[in-house]
Amino acid sequence: FAKLQAPPQVKFKDLEAAVNSTVKYNLLPMKVRTDFIPVTSSSVISNITIQFERKDLQFKQKSGISTATVNIYARITSMARRPVNWFEDVVTVDVPSDMLQQAAQGQSIYQKSLPLPPGRYRLNIAAKDLVGGNTTNFEMALEVPHLEDDRLGQSSLILADMLEKVPTKSIGTGPFVIGTSKVRPRVGESFSHDEKLGIYLQIYNFEPDEKTKKPDGTIEYVITKNGSNETVFEYTEEVSAISGGAAQVVIEKLLPLQTLAPGQYTLRMKVVDKKRNQTLTPSATFTVT
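Keep in mind that what you see is a predicted model, and the values were worked out from it rather than measured.

K.L.:
So what exactly am I meant to see when it comes to the environment of Leu159 here?
P.N.:
With respect to the helices and strands, Leu159 occurs in strand β11 (residues 158-165). Residue classification places Leu159 among the buried positions, given a relative accessible area of 1%. Separated by 108 residues in sequence, Leu159 and Leu267 place their C-alpha atoms 9.6 Å apart. If we ignore the near neighbours within four places in the chain, the residues touching Leu159 are Pro185, Arg186, Glu189, Phe191, Leu197, Gly198, Ile199, Leu267, Ala284, Thr285 and Phe286.

This is the structure:
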């Protein structure tokens, strides 16, 4: 998606009403995922990723360009419905009209990053296709994690279809950027066998070794095929070999999927802090088609 600035006089009252409505409808299919990147014990970057199938959008053609436009309105409240934060964007996707049929087979993805204190919230999203008029609304709970200063902690484990370093001028800014990397989550966690599986995870608060000042621990990766529990990938590495310090270790891996048969798989990781004898066991499932 490209982002447009809506004129300040425009009021999308219908979308605000949709967020407030207890009647749920879905004429515009939409997928949503959330990921959390702790910054401090009191602030967590909450990434809200929204995906539309282009075949579900209506395009307007002009001067050889076909454009779909979607208005997105989201509100975050406490579980008692007290307003906490909100955002609204008008986003577009442009494709040459002679490539519209091919482009319609893909997806358009939008992401918004918001700082939130740890806690439990409600996320309500309403979206409207401004060309075709179809609308949808959506609600989910947000469980924003708390990072304890004296314990091993983690961000969300993100399975990504794009994982790459960004130019220096783009560090920390722009869509899908986390720190020095562009991390685009695969919404739905479904990959084709000719893609690479991106693995992104931040780990915090290793106890440093007294002499080297580096973290002392291991990270184990195991991928099993669901149903048979067959292990198809296994790897262990020392945390000290990963760039970064004990306060924050960033895991970024790209795993080719050519050798995996179609089916559903589970990635299980085991992160061990040897100094404190603490362990994390993040996991995620994905599908290979």
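K.L.:
Please explain the pattern of salt bridges as it appears in this structure.
P.N.:
Close approach of charged atoms allows side chains with opposite charge to pair. Scanning the entire structure with this criterion turns up 13 salt bridges. Across the pair Asp35 and Arg33 runs a salt bridge whose closest N-O atoms are separated by 2.5 Å. Judged by its relative accessible area of 12%, Arg33 is buried. For Glu252, the salt bridge goes to Lys165, with nearest N and O atoms at 2.9 Å. Of this pair, Glu252 sits in strand β19 (residues 248-256) while Lys165 sits in strand β11; the two residues are 87 residues apart in sequence, bridging distant segments of the chain. Looking at Glu252, the relative accessible area reads 27%, which means it is partly exposed. Look at the salt bridges and you will find they share partners, linking Asp161, Arg184, Arg186 and Glu195 into a network.

K.L.:
What should I look at first to understand the sheet that holds strand β7 (residues 107-116) in this one?
P.N.:
Strand order in the open sheet formed by three strands is β2-β3-β7, and the pairing between neighbours is antiparallel. Bordering the open sheet on either side are β2 (31-40) and β7, each of which pairs with just one other strand. Across this sheet, the average inter-strand angle for adjacent strands is 20°, counted without regard to direction. Note: β2 against strand β3 (residues 43-53), nine bridges, orientation antiparallel. Its bridge partner being in β3, Arg33 is matched across the sheet by Thr49.

K.L.:
Can you help me understand the packing of aromatic side chains in this one?
P.N.:
Describing an aromatic ring pair means giving the distance of the ring centres and the angle of the ring planes. By the definition in use, this model includes five aromatic pairs. Aromatic pair Phe87 and Tyr110: ring centres 6.4 Å apart, planes at 35°, arrangement tilted. Placement of Phe87 in strand β6 (residues 83-96) and of Tyr110 in strand β7 is noted, with a sequence separation of 23 residues between them. Using a relative accessible area of 4% as the deciding quantity, one classes Phe87 as buried. When its relative accessible area of 6% is taken as the criterion, Tyr110 is described as buried.

Cut-off values and rules
For every chain, the first residue of the written sequence is number 1, and numbering continues from 1 onward in sequence order. The predicted origin of the model limits local features to residues at a pLDDT of at least 70 and limits the giving and counting of side-chain atom pairs to 80 or more, whereas totals for whole chains, interfaces and linings rest on all residues. For the side-chain quantities, the full set of heavy atoms in the structure was used; hydrogens and water were omitted. What counts as a helix is a DSSP run of H or I of at least four residues, what counts as a strand is a run of E of at least two, and both are numbered from the N terminus. Only protein chains enter the area calculation, which uses a 1.4 Å probe; residues under 20% of their type maximum are buried, those over 50% are exposed, and those in between are partly exposed. Here, two residues are considered to be in contact whenever any of their heavy atoms come within 4.5 Å of each other. Put simply, a salt bridge is a Lys or Arg side-chain nitrogen that is within 4 Å of an Asp or Glu carboxyl oxygen. Strands are labelled as partners when DSSP assigns at least two bridges between them. An axis is simply a line fitted to the C-alpha atoms; with a helix, the fit covers only the stretch in contact. Between two such axes, the angle follows the N-to-C directions and lies from 0 to 180 degrees. Between rings of Phe, Tyr and Trp, where Trp is taken as its six-membered ring, a pair exists when centres lie within 6.5 Å; planes separated by under 30 degrees are stacked, by over 60 edge-to-face, and by other angles tilted.

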